[in-house]
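Spelled out, the chains give:
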Amino acid sequence: LEQRGIAQIPNFSKILIEKYLDPSGSTNILVLGIFGTEVNAVISQAIGSVISQDLKSNIAIISTDNGFLVRIPPGIDLEDLNIFNLITPETLEDQFIHSVKQTELFKMRFRYSAGRALMILRMMGQRKIGMDQQQKTSRWLLKTLDPEFPIIQEALREIMHDKYDIDRARYV
């Protein structure tokens with residue numbers, strides 16, 4: 001298609017952005033870039049965080065190997081919003097952390113890290129502690145611990161460097 005001049009295809013040096021309204025009236029911004037899920041998820045989370053704060057509205061994000069979709073609810077005007085001017089390589093990590101701290105992924109990684117640090121018990125004598133009690137303890141710890149606590153930082157490090165690739169995302 002690209003050779004015939006009908007459509008463009010993204011590559012490692014070209015990102016395509018499409019904006020359209022779906023039948024429900026939601027604005028969809030489709031960003032096509034073949035950088036992999038590990039990079040696209042970081043960029044989409046950061047962009048989603050900034051747009052959500054700016055518009056004071058919840059938005060939906062879907063990321064894949066080939067790009068990501070940002071879905072804005074009906075009735076919100078995006079004419080003056082250039083999504084790629086919202087984040088820079090310097091602000092990407094802060095925006096991503098702000099966004100990821102609200103996800104189940106962060107809560108799960110924190111629970112695993114706290115369990116490895118013996119802050120959350122799995123056994124009490126011969127009795128196994130249920131997952132619901134471990135999750136309650138994890139939520140309580142997240143509320144009471146300082147954000148700079150090493151176990152919280154370890155959970156964030158696992159997400160940014162093991163699960164995703166924030167260093168490559170900064171480069172993109």
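Calculation notes
- Residues numbered from 1 in each chain as written.
- Predicted model: local features only at pLDDT ≥ 70, side-chain atom pairs only at ≥ 80, totals over all residues.
- Heavy atoms only, no water.
- Axes fitted to C-alpha atoms, helices over the stretch in contact; angles between N-to-C directions.
- Helix = DSSP H or I, 4+ residues; strand = E, 2+ residues; numbered from the N terminus.
- Parallel < 35°, antiparallel > 145°, perpendicular 65-115°, else oblique.
- Contact = heavy atoms within 4.5 Å.
- Buried < 20%, exposed > 50% of the residue type's maximum accessible area, 1.4 Å probe, protein only.
- Pairing = 2+ DSSP bridges.
- Salt bridge = Lys/Arg side-chain N within 4 Å of Asp/Glu carboxyl O.
- 1 Å grid on protein atoms, 1.4 Å probe; cavity = no way out; pocket = protein on both sides within 12 Å on 5 of 7 lines; lining within 4 Å.
- Points joined across faces, edges and corners; volume = space filled by probe spheres on them.
- Nonpolar A, V, L, I, M, F, W, Y, C, P; charged D, E, K, R; others polar.

What follows deals with the packing of helix α1 (residues 37–55) against helix α2 (residues 92–100). The N-to-C vectors of α1 and α2 enclose an angle of 80°; their axes lie 8 Å apart at closest approach. When the interaxial angle is binned, α1 and α2 end up roughly perpendicular. Residues Ala41, Val42, Ile43, Gln45, Ala46, Ser49, Val50 and Gln53 of α1 lie in contact with α2, whose contacting residues are Leu92, Gln95, Phe96, His98 and Ser99.

Among the residues of α2, those classed as buried are Leu92, Gln95, Phe96, Ile97, Ser99 and Val100. As for α2, its buried residues are in contact with α1, α3 (104–116), α5 (150–163) and α6 (166–171).

Side-chain positions along a regular strand alternate between the two faces of the sheet. Pairing of strand β3 (residues 60–64) with strand β4 (residues 67–72), which is carried by 5 bridges, proceeds in the antiparallel orientation. In the strand pairing of β4, Ser63 is matched with Phe68. Counted along the chain from β3 to the antiparallel partner β4, the turn is 2 residues long.

Extensive coverage of β4 is indicated by the burial of 5 of its 6 residues. Taken together, the 6 bridges between strand β2 (residues 27–32) and β4 define a ladder with antiparallel strand orientation. Each residue of the ladder has a partner; that of Asn28, found in β4, is Arg71.

In this section: the pattern of salt bridges. Evaluation of the coordinates by the stated rule reveals 10 salt bridges. Glu93 is the partner of Arg170 in a salt bridge, and the nearest nitrogen-oxygen pair spans 2.3 Å. Taken together, the residues Arg170 in helix α6 and Glu93 in helix α2 connect sequence positions 77 residues apart. Note on Glu93: relative accessible area 28%, which makes it partly exposed.

It is worth spelling out the layout of surface pockets at this point. There is about 220 Å³ of room inside the largest pocket. What lines the largest pocket is simply Gln45, Gly48, Ser49, Ser52, Gln53, Asn58, Ile59, Ile61, His98, Ser99, Gln102 and Thr103. Mapped by element, the contributors of at least two residues to the lining of the largest pocket are α1 and α2. Tallying contributions element by element places α1 first for the lining of the largest pocket, with 5 residues. In terms of residue class, the lining of the largest pocket is built from 2 nonpolar, 10 polar and no charged.

Sheet architecture is open: 4 strands sit in the order β1-β2-β4-β3, paired in antiparallel fashion. Either end of the sheet is taken by a strand with one partner, and the two such strands are β1 (16–21) and β3. Sheet twist, expressed as the average angle between the axes of neighbouring strands with direction ignored, equals 15°.

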